[in-house]
Amino acid sequence: SEKYVDIYKKLDMDIEKHSELMSALFQLFSDVFLTQKNRPENIKYFDWLMSEIHGKRIEELMEFKDKNKPLVGTFCIFIPEEIVVASGGACYGLCGGAQFSIPDAERDLPRNICPLIKSAYGFKVQRTCPYTQISNFIYGETTCEAKKKTWEILNDLHPTHVMHIPHMKGKREKDLWREEIYEFKNHIEEIVGKELTFEELKKGVEIINKKREALQRLDYLRSTKPDIVPISGLDSLLVTQISFYDDPERFSDKVFELCDELEERIDKGISVCESDTPRIMVIGTPMAPPNWKLHQVVETTGGIVINEEACIGHRYFKDNIDLDGVESVEDIIERMLERYMKIDCACFTPNDERIDKIIKMYREKKADGIIYYTLSFCHTYNVESKKVIDRLKEEKIPVLKIESDYSAEDVGQIKTRVEAFLESI
Ligand code: BJ8
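Given the structure is predicted, the values throughout are model-derived calculations rather than measurements.

Sheet topology note: the strand E3 (residues 137-141)/strand E4 (residues 160-163) ladder contains four bridges and is parallel. Of the residues in E4, the one forming a bridge with isoleucine 138 is threonine 160.

As structure tokens, then:
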């Protein structure tokens, strides 16, 4: 990161602390990812991007900043990135997945809230995240209690807007939600100093639709053959995590290249595991980088992860925005609204469509078991697990629930439980 020190200075970062963070991150990355065997050749691009996550990519974003293009940091897949891309700007995820920043967050926030929020907030306190530092503003949302109250505190440190995401999906909520999307668009238009045109918005949607198509194809290829898994769960998770940071057009091209290779691997029968390896679907809360803990445990304990039913996973890319027959900006916003309302986050009540979807995916992907993963103190996913697990048991689907945070303390205990689960299926 020496090369980028001037940028870090411009972004008012704590350079010493940041370099501590990066050494820990690179060590972890190399221990977890580079020790895997038989990785596809085209995963190298994603390794490179990860190595440049606070380097080359930030240099690129500085160019956006110099041209006064909006840079927006978000914490949730409800924020319509298409609008930022339409304006020529960049939208990226800020969700924190690291223990590193949590002690600094706990000076201001309670200890017993979700680690994802504490980690992200801690990065702002520490001034160690260039994505946070460079953003014009952060866009939060009202999905869960801890998040929406944290935005009030975060706003004292960095400009933070809040999108009001309703918790039900009726007509009244739809009207409110529509207004929130227009308000988001206004905020972006204020930065660029003009209204977005129909063509610009359409282009923004097309770019993100293509990114989702690329991820859908990867999701399909990694799980389509019951006896051949051409890429590890860890590597697939890495690609999905990077989708929240990279340039979307370059990213899609690289994922399509990777997918071409995976197709060839399937044709040649090249798998990263033995054909009788238990196939695990992971469902629940998002795994923000560098939260690779559960996947690493499963895949070093004799299982393979074939899907993530999570926001850094299938929930993020499952639906595209239908552009068929759209003729105006209003038409596009309406289609956008319809698409975003399909997200089945546990912050909604009721949220039964999620359960039906999980069962359908389990059958289609010929999985052998499900791990319900919830971050500690995530009340929405934690409480919802009761209904989900009851239904899975009715359907005779093996399920294990894991609740965890980012510390390394429970790795041994999780490993023992995963081991017993894999043996039982
Ligand atoms: S759409 S899952 S990204 S809200 S894990 S912070 S819910 S206490 S991240 Fe999420 Fe949007 Fe929903 Fe997806 Fe709160 Fe739970 Fe923490 Fe969470």
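Pairing between side chains becomes possible if they bear opposite charge and their charged atoms approach one another. In this structure the tally under the stated criterion is 44 salt bridges. Glutamate 189 is paired through a salt bridge with lysine 185; the nearest N and O atoms lie 2.9 Å apart. Taken together, the residues glutamate 189 and lysine 185, both in helix H10 (residues 171-192) and four residues apart, mark about one turn of the helix. In this structure glutamate 189 comes out as buried when scored by relative accessible area, which is 8%. Residue class for lysine 185 comes out buried when judged on its relative accessible area of 6%. Linked through salt bridges whose partners overlap, the residues forming this network are Glu309, Arg315, Asp344, Arg354, Lys357 and Glu384.

Turning our attention to helix H19 (residues 411-424). Over its 14 residues, H19 runs 20 Å from end to end, which matches the ideal 20 Å to within 8%, given 1.5 Å per residue. Within the span of H19, buried status applies to Ile414, Val418, Phe421 and Leu422. Buried residues along H19 cover an arc of 95° about the axis, so they all sit on one side. Exposed and facing more than 90 degrees away from the buried side of H19 are Gln413, Thr416, Glu423 and Ser424. Summarising the contacts, the buried residues of H19 are in contact with strand E5 (279-284), helix H14 (293-299), strand E7 (369-375) and strand E8 (399-404).

The next thing to look at is the confidence of the model for the protein. Of all residues in the protein, 100% attain a pLDDT of 70 or more, and the chain-wide mean is 97. In the predicted assembly, ipTM is 0.94 and pTM is 0.97.

What follows concerns empty space enclosed by the protein. According to the stated counting rule, one finds four cavities of 30 Å³ or more in the structure shown. Taken as a whole, the largest cavity encloses approximately 60 Å³ of empty space. Arg57, Glu81, Val85, Ala90, Cys91, Ile208, Lys211, Ser243, Phe244, Tyr245, Asp246 and Pro248 are the residues that line the largest cavity. When residues of the lining of the largest cavity are traced back to their parent elements, those giving at least two are helix H5 (81-86), strand E2 (90-93) and helix H11 (198-223). Broken down by class, the residue content of the lining of the largest cavity amounts to seven nonpolar, one polar and four charged. Taken as a whole, the second largest cavity holds about 40 Å³ of empty space. Along its surface, the second largest cavity is lined by Leu215, Leu218, Asp219, Arg222, Ser236, Thr240, Glu308, Gly313, His314 and Phe317. Put simply, the parts of the chain that give the lining of the second largest cavity at least two residues each are H11, helix H12 (233-242) and helix H15 (314-317). If one sorts the elements of the lining of the second largest cavity by residue count, H11 sits on top with four residues. Taken together, the residues of the lining of the second largest cavity break down into three nonpolar, four polar and three charged.

Looking now at the site of the ligand. Lining the immediate environment of the ligand, one finds 17 residues, of which Cys76, Cys144, Cys311, Cys345 and Cys378 sit closest. Class assignment for the residues of the shell around the ligand results in 13 nonpolar, three polar and one charged.

Helix H18 (residues 379-394) packs onto helix H17 (residues 352-364) with a crossing angle of 50° between their chain directions and a minimal axis gap of 10 Å. Relative to H18, H17 is oriented oblique. Handedness of the H17/H18 crossing: right-handed. Residues Asp352, Arg354, Ile355, Asp356, Ile358 and Ile359 of H17 form the contact with H18, whose own contacting residues are Tyr381, Glu384, Lys387, Val388, Arg391 and Leu392. Residues that form the contact of H17 with H18 fall into these classes: six nonpolar, no polar and six charged.

This part is about the pairing of E3. In terms of residue burial, E3 counts as a mostly covered element, since five of its five residues are buried. Note: strand E1 (residues 71-74) against E3, three bridges, orientation parallel. Each bridged residue has a counterpart across the sheet, and for threonine 74 the counterpart in E3 is tyrosine 139. In this fold, the crossover linking E3 to E4 by way of helix H9 (residues 145-154) has right-handed handedness.

Once that is clear, we can look at the sheet that holds E4. Read across the sheet, four strands follow the order E2-E1-E3-E4 without closing on themselves; strand pairing throughout is parallel. In this open sheet, the two strands that pair with only one neighbour each are E2 and E4. Strand-to-strand twist of the sheet, defined as the mean angle between neighbouring strand axes without regard to direction, takes the value 30°. Contacts between helix H4 (residues 56-66) and the sheet are confined to E1 and E2, with E2 contributing the most and set at about 140° to the helix. The sheet strands contacting H9 are E3 and E4, and the helix crosses E3 at an angle near 155°.

Moving on, we get to the nonpolar core. Across soluble globular proteins, nonpolar side chains have a tendency to be buried as a group. Core analysis: the biggest nonpolar cluster contains 143 residues, and Phe46 and Val418 have the highest contact counts within it. Setting aside chain neighbours within four positions, we find valine 418 in contact with Leu294, Val297, Val298, Thr301, Ile371, Leu400 and Ile402.

This part covers the side chain of glutamine 133. Within the secondary structure, glutamine 133 sits in helix H8 (residues 130-134). Here leucine 11 takes part through its backbone oxygen, which lies 3.0 Å from a polar atom of the side chain of glutamine 133. Filtering out sequence-adjacent residues up to four positions away, glutamine 133 remains in contact with Leu11, Asp12, Met13, Lys124, Arg127 and His158.

Attention now moves to the side chain of glutamate 81. Mapped onto the elements, glutamate 81 comes out in helix H5. On the basis of relative accessibility, which here comes to 9%, the residue glutamate 81 falls in the buried class. Not counting residues within four places of it along the chain, the set of residues in contact with glutamate 81 comprises Cys91, Ile208, Lys211, Tyr316 and Tyr340.

Rules of the game
Residues numbered from 1 in each chain as written. Predicted model: local features only at pLDDT ≥ 70, side-chain atom pairs only at ≥ 80, totals over all residues. Heavy atoms only, no water. Pairing = 2+ DSSP bridges. Helix = DSSP H or I, 4+ residues; strand = E, 2+ residues; numbered from the N terminus. Salt bridge = Lys/Arg side-chain N within 4 Å of Asp/Glu carboxyl O. Buried < 20%, exposed > 50% of the residue type's maximum accessible area, 1.4 Å probe, protein only. Expected span 1.5 Å × (residues − 1). Arc of directions from axis to C-beta. Contact = heavy atoms within 4.5 Å. pLDDT = per-residue confidence, 0-100. 1 Å grid on protein atoms, 1.4 Å probe; cavity = no way out; pocket = protein on both sides within 12 Å on 5 of 7 lines; lining within 4 Å. Points joined across faces, edges and corners; volume = space filled by probe spheres on them. Nonpolar A, V, L, I, M, F, W, Y, C, P; charged D, E, K, R; others polar. Near = heavy atom within 4 Å. Axes fitted to C-alpha atoms, helices over the stretch in contact; angles between N-to-C directions. Parallel < 35°, antiparallel > 145°, perpendicular 65-115°, else oblique. Left-handed = near helix turned anticlockwise from the far one by under 90°. Right-handed = clockwise from strand over helix to strand, strands pointing away. Core = buried A, V, L, I, M, F, W, Y, C linked by side-chain atoms within 4.5 Å. Polar contact = N/O pair within 3.5 Å; in protein donor to acceptor, adjacent residues only side chain to side chain.

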